[in-house]
Amino acid sequence: MNNQIVFREKTTNISVDNLKLTKKKRLKNKTPNSSKVWKEFLLIIKKTIPNLSYSSWFLPLKPIELNGGELKVLVPNNYFVEWIEQHYNTLINNTVEQILGKDGKLVYIISKDEEDDVLDLFSEQTEKPMVNSKPEETIANNFESNLNSHYKFENYVKGEGNALARAAAIAISENPGETTFNPLFVYGGVGLGKTHLIQATGNTILEKFPAKKIIYISADNFTSQFVESIQTNTTAKFSKRYNSIDVLIIDDIQFLSGREKTQDLLFHIFNNLHQSRKQIILSSDKPPKEIVGMNERLLSRFNWGLTVDVQPPDFETRIAILKNKSDKFGIDLTNEILDLIAYNITSNIRELEGCLIKLLANSSLNSTPVNFELARKTIDEISTTKREVSISIDNITKLVCKEFDVDDNKVREKNRKKEVVLARQVAMYLSKVLTKSSLKTIGLQFGGRDHSTVIHACNNIEKLASKDVSLNKIVSGLRKKLELGV
Ligand code: ADP
Ligand code: MG
């Protein structure tokens with residue numbers, strides 16, 4: 001018997017229709033037995049493990065369907081599944097066997113539905129776009145905004161570092177396309193709330209103007225969709241779709257650097273939308289002028305509206321965010337603990353959230369209440385595992401070689417084997433896009449080649465990636481890993 005994890009995006013044994021069910025329909029479809037069986041299951045678990053563990057990890061799960069011996073349950077997010085699998089697998093297997101017999105199976109389904117309010121608790125940890133579960137009539141024109149409806153202004157804590165960006169976003173949501181903030185260009189470091197803010201803007205617009213067509217997309221996905229449209233000869237359809245919308249939200253626009261064709265297309269879409277007073281919202285990890293490999297004419301347009309940064313939260317904001325999140329997680333933190341975390345975790349909001357989750361997990365694992373000592377220990381654990389993100393030609397080379405399964409040294413020598421040449425060219429391309437090194441320096445690090453070889457390599461990779469979806473995915477994946485330090 002094996003418990004199985006099913007992600008909404010990667011359906012395995014479930015039809016897509018089923019996955020897109022709204023809560024109402026799901027409840028209608030829910031087999032009566034699933035609740036009964038789940039209750040029995042919980043009863044046994046409750047008797048076996050400490051109360052806090054039970055309420056942290058099992059109560060948030062919800063049964064959806066019982067099919068033969070297979071029980072499907074909704075799980076708030078990936079992290080949950082990992083945790084449960086790691087700590088309670090044997091207990092779960094034994095319990096499932098006890099209730100459903102030897103062939104019994106538990107299938108985890110990661111939930112993303114806005115109506116799964118019981119799952120709100122941990123919902124904001126996920127970055128994955130959620131299926132838009134608006135009533136059918138509002139998406140009758142087949143428009144999926146890709147917005148994650150958990151990102152709202154109500155749960156976006158205001159602080160000095162984000163006040164201006166937030167105010168601009170709210171103004172836009174009241175009057176999309178009609179303010180001078182077009183485009184709104186929000187920039188700042190990782191985990192500072194850019195995605196949250198721009199998605200909250202989209203969600204609020206959709207609430208106020210349900211007929212508006214909104215698309216939220218990451219620059220990476222935008223590129224992939226475009227490349228795919230080239231391959232399937234559907235570029236015209238692709239541009240038509242984007243030219244017909246009311247609000248275009250593109251996240252992490254820096255990932256477009258070096259992608260000339262995609263930039264050209266965006267340039268035209270931008271002009272069309274802007275001329276027709278449609279709203280454009282962009283986010284980036286750096287201000288426009290610092291994005292290398294971006295077409296000048298496109299960059300200049302980024303500055304047409306309002307360019308605003310988000311800064312790391314100050315102490316008071318960190319406390320406010322911790323209070324807000326811990327309330328949601330259902331834990332009551334003393335002022336002493338709040339201060340301790342806010343003093344120690346200073347870099348960004350994602351880390352503050354991560355610390356709270358780890359604290360909850362540690363408390364559950366050790367069956368101890370959340371106290372000062374445990375908070376101290378959790379912070380220590382986080383600090384020792386934290387690593388500095390720095391992108392050098394050296395770590396680019398290592399990562400690329402690992403991906404292409406070639407020897408680092410061969411890439412640095414004059415080896416002409418096909419797979420080595422490809423890895424070398426990708427490494428050169430990423431070094432040009434991601435580091436400040438000159439073409440000469442890059443050439444020197446890859447077997448003493450001159451700058452024209454580096455230019456040739458970069459052009460070649462751009463050309464190949466614009467035709468080959470899988471190479472495109474590999475290059476974007478590597479780039480993301482390097483930029484986000486993951
Ligand atoms: P970025 O896109 O800048 O990397 P995100 O928007 O993904 O950052 O934010 C990281 C996490 O922190 C998300 O879970 C988000 O909901 C949360 N977050 C960010 N800013 C705030 C805020 N001001 N108030 C509450 N939560 C926030
Ligand atoms: Mg983001």
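**Student:** Please explain the pairing of strand E8 (residues 279-284) as it appears in this structure.
**Tutor:** Residues in a regular strand project their side chains so that they alternate between the two faces of the sheet. In terms of residue burial, E8 counts as a mostly covered element, since six of its six residues are buried. Neither face of E8 is left uncovered, since the one carrying Gln 279, Ile 281 and Ser 283 and the one carrying Ile 280, Leu 282 and Ser 284 both have all their residues buried. Alignment of strand E5 (residues 184-187) against E8, held across four bridges, turns out to be parallel. When the bridges of E8 are listed, Leu 184 appears paired with Ile 281. Relative to E8, strand E7 (residues 247-251) runs parallel, the two being bridged by four bridges. Its bridge partner lying in E8, Val 247 is registered against Gln 279. Crossover E7 to E8 through helix H11 (residues 260-275) is right-handed.

**Student:** Looking at this structure, I do not really get the site of ligand 1. What am I missing?
**Tutor:** Near ligand 1, the surroundings consist of 19 residues, among which Val 157, Gly 191, Thr 195, His 196 and Arg 350 are the closest. Between Gly 193 and ligand 1, the recorded distance is 3.0 Å, taken from a backbone N or O atom to an oxygen atom. When ligand 1 sits alone it has 550 Å² of accessible area, and the protein chains cover 96% of it. For the shell around ligand 1, the secondary-structure elements that each account for two or more residues are helix H8 (194-208) and helix H15 (349-366). Counted by class, the shell around ligand 1 contains six nonpolar, seven polar and six charged residues.

**Student:** For this particular structure, what's the right way to read the environment of Gln 225?
**Tutor:** Within the element layout of this structure, Gln 225 appears in helix H9 (residues 219-231). According to the relative accessible area criterion, Gln 225 is partly exposed, its value standing at 30%. For the pair Gln 225 and Thr 235, spaced 10 residues apart in sequence, the C-alpha separation works out to 9.4 Å. Apart from the residues lying within four places of it in its own chain, the contact partners of Gln 225 are Ile 217, Phe 238 and Tyr 242.

Rules used in this analysis
Here the residue numbers are simple positions, counted from 1 along each chain's written sequence. Chain labels run from A onward and ligand labels from 1 onward, assigned in the order the entries are written. Reporting of local features is limited, given that this is a predicted model, to residues whose pLDDT is at least 70; pairs of side-chain atoms are given and counted only at 80 or more, and all residues count toward the totals for whole chains, interfaces and linings. Side-chain numbers come from the whole structure's heavy atoms, not from hydrogens or water. Three exposure classes are used, based on accessible area relative to the maximum for each residue type with a 1.4 Å probe and protein chains only: buried under 20%, partly exposed in between, and exposed over 50%. By the criteria applied, helices consist of DSSP H or I runs no shorter than four residues and strands consist of E runs no shorter than two, each listed in order from the N terminus. DSSP-based pairing: two strands are paired if at least 2 bridges between them are found. Handedness is read with the strands pointing away from the viewer; a crossover is right-handed when the path from the first strand over the helix to the second is clockwise. Residues are labelled near a given molecule or strand when at least one of their non-hydrogen atoms is within 4 Å of it. Polar contact criterion, stated in full: a pair of N or O atoms within 3.5 Å, where within protein one must be able to donate a hydrogen and the other to accept it, and residues adjacent in sequence count only if both atoms are side-chain atoms. Computed with a 1.4 Å probe, the accessible areas rest on the Shrake-Rupley method; for each residue, only the protein chains presented here act as cover. Any residue that is not Ala, Val, Leu, Ile, Met, Phe, Trp, Tyr, Cys, Pro, Asp, Glu, Lys or Arg is counted as polar, Gly included; the first ten are nonpolar and the last four charged. We call two residues in contact whenever any of their non-hydrogen atoms come within 4.5 Å of each other.

Limitation: the analysis is restricted to geometry and does not speak to function.
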